[in-house]
Every structure is written in C-alpha cells, then in structure tokens.
Amino acid sequence: MQAGWVLRDGQVLAAADLAGSFGERARGLLGKKTYDGVMILPRTRSVHSFGVRFPLDVAFLDKEMKVLAMVRLARWRITMPRLRANQVLEAKAGSFDRWGLGLGDRLEFRPTP
C-alpha cells in the first residue's frame, strides 16, 4: 500500500492509500472501524461494501483521474460496473460533500516521500 495525498487543482483533499496489489484492492476498507482518508483502487470498475462497517462515497475515475460518476454506497451493497472507469476512490460517506468533489473534477495522487 502506497501512502500519499489526493489533490484537486494543487489543493490537498485528503490523505490517500493507493492499493497496488490484487490483494490490497480486494481488501479495500474491509475490517476498518473508520477511515478518514481516501482509498484509491486502480484497475477497478465496480466495488462492494460487503463487510465494510460504514457507508461509502465512491467515485469512478478515468485514466487521467477525472471523476466520471459518484455514488453513496450503503453497507452490504454493490455498484454497477462503470465501463469507462479505470480506477475507483472510496471514502467514508460524507467525505465528498466536505471536499466539494464534483463530476468532471480532475484529481492527482501525490505519493509521500
């Protein structure tokens, strides 16, 4: 798991974890009691919240990290695949509202040194 920051227009939105391996992507936020940052899941078009202890904000991104779609995912649910999506952001429900995240926003992942 690679730690870093998610930025929009040079402004930090949240601490981020980039799931690099298949196992890290499959695990996602499973088992966490809470999560204050954002999890980036590359090579992902759909996610589920089976076993996740809190509702999620989910954003589907293209290869350039442009937000294509956003949903609020209740516990024990699954999203429909977004065919144009290349990666997914997961955060605790309400995070996207706090950050003012919107469709068409271009994000950046900046790893910490």
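The notes below deal with the structure included here. Predicted, not measured: the structure shown is a model, and the values here were computed from it.

A word on the sheet that holds strand 5 (residues 67–73)
Part 1 of the argument: Read across the open sheet, the 7 strands follow the order 5-4-6-3-2-1-7; overall the sheet is mixed. Taken across any chain shown, the strands that pair with only one partner, and hence form the sheet edges, are strand 5 and strand 7 (107–111). In this sheet, adjacent strand axes meet at a mean angle of 30° when their direction is disregarded.
Part 2 of the argument: One ladder, built from 5 bridges, connects strand 3 (residues 38–42) with strand 6 (residues 87–92); its direction is antiparallel. Pairing of Met39 across the sheet is with Glu90, part of strand 6.

Some words on a nonpolar patch on the surface
Part 1 of the argument: Judged by side-chain polarity, Phe50, Trp76 and Ile78 come together as a nonpolar surface patch covering roughly 340 Å² of accessible area.
Part 2 of the argument: One can find Trp76 in the loop between strand 5 and strand 6.

Conventions used here
- Residues numbered from 1 in each chain as written.
- Predicted model: local features only at pLDDT ≥ 70, side-chain atom pairs only at ≥ 80, totals over all residues.
- Heavy atoms only, no water.
- Pairing = 2+ DSSP bridges.
- Helix = DSSP H or I, 4+ residues; strand = E, 2+ residues; numbered from the N terminus.
- Axes fitted to C-alpha atoms, helices over the stretch in contact; angles between N-to-C directions.
- Patch = residues over 30% accessible without salt bridge, like charges linked within 9 Å, V, L, I, M, F, W, Y side chains within 5 Å.
- Areas by Shrake-Rupley, 256 points an atom, 1.4 Å probe, with all protein chains shown as cover.
- Salt bridge = Lys/Arg side-chain N within 4 Å of Asp/Glu carboxyl O.

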